[in-house]
Amino acid sequence: MFAIYAALTLIGGAFRFTSHEADMIHLVELVLRVSAGAVPHLDFMTPIGHWAILPMALLHRAGVGLGYAMISSQVLVAAALFPVCAWLSLTRLTLRQSLALFLVVMGLCMAMVFGSADPLISLSMHYNRWCWAASILVVIAVLIPPRTPGTGYVDGIAVGALMAAMAMTKVTFAIALAAPVIFALLRGGRSPDLFVAFAAAFAMLLAVTLFHGAEFWWAYAADLLAVTGSENRPMPSAHWRALLLSPAGTPVTAAVLFGLWCLSKGGRRDLAAMLLLFYPAFVFITWQNFGNDPVWLLALALVLWVVSDGLTGPARLLSRGTALVATVLILPAAINMLYSPVRHLMLADDGFRPMLESHPDLRMATARGEGAWVKQTVIFPQKTEPTVFRGETLAECELSGGLVARLERDAAALVSLAPELDRQPLVADLFSPHWLFSDLRPLAGGAPWYYDGLPGLAEAAHVLVPACPADIRARRHVLRLLVEAGVILRAIGETPDFKLYRIERQEKAASAT
């Protein structure tokens, strides 16, 4: 499985994506910043963990092209998880179960779509897939004891390393799974495994502390708190109640409850109690992930399948039936992820163009970069007030497509409006990647994806206010914070797409005096 997916990933020589340009621009900015030596949280604001970006950045720093570094990093992650897959297979699973585990984990690591049933190609939210792969391995390790005693040290090292890696990739997974993992190991009488897991996780995170300093964790926590407390950032997708009782969520809930009932009736009440605690953790993670794909159903299916071998009578048949149902419920998203490397390999290159001229192996669908579109409010809902900034009522419109084309034009206009500009301006919008499309440098302390506050204001020399932003709530929030902070701005030019202001710090200091 590893060899097949690695070959499908690496044969193409470039990465061609067909959707989610905004997410890809965000990822590119993260990778290029880290490749240049910046450290997330310390040098720029992001809730995404350092290790979600580091494999791509290290490959690019070593001379690999940007697009090829992105997809090659997935092979590295799969290679890192390969030994854990092999260990769990040898100590717990049958041959068929091992093949299923490898298919799931290798497929999640090297997929080229975030999920859903849409036949897209993008590395958007790749860190969710990586953490799902790691979390499935953790679930198998803690819920399914090894056939042979005396293997706990290896299990503990694997669990601790995977939990630490998830904390450094997307901390939501590690936080949500911590309590269920601890309970499962204690409930299963595997306290030594738990101590080893704590030691392994502590050693890995201590190494991070020694490398980046204790301030790394304070900065990481500050970024996470800023995101969780942001009024500007809505839920990624559906409300959590929809994951339980909506038309799509109810069958998932029913499958879990029936699986717990099967385990109880089959004499595995201990495992049912452990799985019951994992369920809300999985729901929380799914709620935090865009698209709300319940990928954890793959873990549930594997656990029920393995445990059914030790059951007898109707409980065995019902457990396997529930495992099959769980697989069917997630099958559309699973097939989409598993098949995406093949779909990527079959794309004709003549329909793509470089997203950035300096990185020709990162290619986007040409048709998605040829124009730009907006949607505009013509009748305001009740209790909705238009945005007023510096005495001017701003248009209530949002960019609905063509982000790359818009950024290319804005970057060119910036140079003509402010020839002295040498750095990325502070942008009153969700994105501020204009430096990628020009000779500007990134804004120190800025935010590749805006969540809250005024990140980068300390170094910013200009403020860019788009006429039709990608997110009108972000524009309104940034402008309100600028006014509240008393930032003095001087208009220096405008285009049909934006207005550019210079930050007058000397004038502000003189006024304060």
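It should be emphasised that the depicted structure is a prediction, and the values quoted were computed from it without experimental measurement.

Visitor: Looking at this model, I keep getting lost on the sheet that holds strand 10 (residues 489-494). Mind explaining?
Guide: Consider a sheet: its strands pair through backbone hydrogen bonds, and that pairing is either parallel or antiparallel. Ordered in space as 8-9-11-10, the four strands form an open sheet in which the pairing is mixed. What marks the edges here is a single partner per strand, and that holds for strand 8 (426-427) and strand 10. Helix 16 (residues 403-417) contacts strand 9 (462-466), strand 10 and strand 11 (498-503) of the sheet and is inclined by roughly 45° relative to strand 11. In the packing of helix 17 (residues 472-484) onto the sheet, contacts are made with strand 8 and strand 9, and the angle to strand 9 comes to roughly 145°.

Visitor: What should I look at first to understand the nonpolar core in this one?
Guide: Nonpolar side chains tend toward joint burial in soluble globular proteins. By size, the foremost hydrophobic cluster in this structure holds 139 residues, and its most contacted members are Met70 and Leu143. Discounting chain neighbours no more than four positions away, the residues touching Leu143 are Ala184, Leu271, Met274, Leu275, Phe278 and Val303. Listed in part, the 20 residues of the second largest apolar core include Leu443, Leu457, Leu482 and Ile503.

Visitor: Looking at this model, I keep getting lost on the state of the cysteines. Mind explaining?
Guide: A covalent bond bridging the sulfur atoms of two cysteines is what the word disulfide describes. Scanning the model with the defined rule gives one disulfide in all. Note that Cys397 is cross-linked by a disulfide to Cys468, the S-S spacing being 1.8 Å. Its torsion about the S-S bond being -85°, the disulfide of Cys397 and Cys468 is classed as left-handed. Highlighted residues: Cys397 in strand 7 (residues 397-401) and Cys468 in the loop between strand 9 and helix 17, separated in sequence by 71 residues. For the pair formed by Cys397 and Cys468, the shared burial category is buried. Considering cysteine sulfurs only, Cys109 is the nearest to Cys85, which forms no disulfide, with 7.5 Å between them.

Visitor: What should I look at first to understand the packing of aromatic side chains in this one?
Guide: The description of an aromatic ring pair rests on the distance of the ring centres and on the angle between the ring planes. By the definition in use, this model includes 16 aromatic pairs. For the ring pair Trp217 and Tyr220, a centre distance of 6.3 Å and an interplane angle of 25° mean the geometry is stacked. Of the two residues, Trp217 and Tyr220 both sit in helix 10 (residues 215-228), three residues apart, roughly one turn of that helix. With a centroid separation of 5.6 Å and 0° between ring planes, the pair formed by Phe282 and Trp296 is classed as stacked. Taken together, the residues span a long stretch of sequence, with Phe282 in helix 13 (residues 269-288) and Trp296 in the loop between helix 13 and helix 14 (297-308) at a distance of 14 residues. Relative accessible area serves as the criterion here: at 4%, Phe282 is assigned to the buried category. Under the relative-accessibility criterion, Trp296 is labelled buried at 5%. Of the aromatic side chains, those joined through ring pairs into one cluster are Trp132, Phe173, Phe278, Tyr279, Phe282 and Trp296.

Conventions used here
Residues numbered from 1 in each chain as written. Predicted model: local features only at pLDDT ≥ 70, side-chain atom pairs only at ≥ 80, totals over all residues. Heavy atoms only, no water. Pairing = 2+ DSSP bridges. Helix = DSSP H or I, 4+ residues; strand = E, 2+ residues; numbered from the N terminus. Contact = heavy atoms within 4.5 Å. Axes fitted to C-alpha atoms, helices over the stretch in contact; angles between N-to-C directions. Core = buried A, V, L, I, M, F, W, Y, C linked by side-chain atoms within 4.5 Å. Buried < 20%, exposed > 50% of the residue type's maximum accessible area, 1.4 Å probe, protein only. Disulfide = S-S within 2.5 Å. Phe/Tyr/Trp six-rings, centres within 6.5 Å; stacked < 30°, edge-to-face > 60°.

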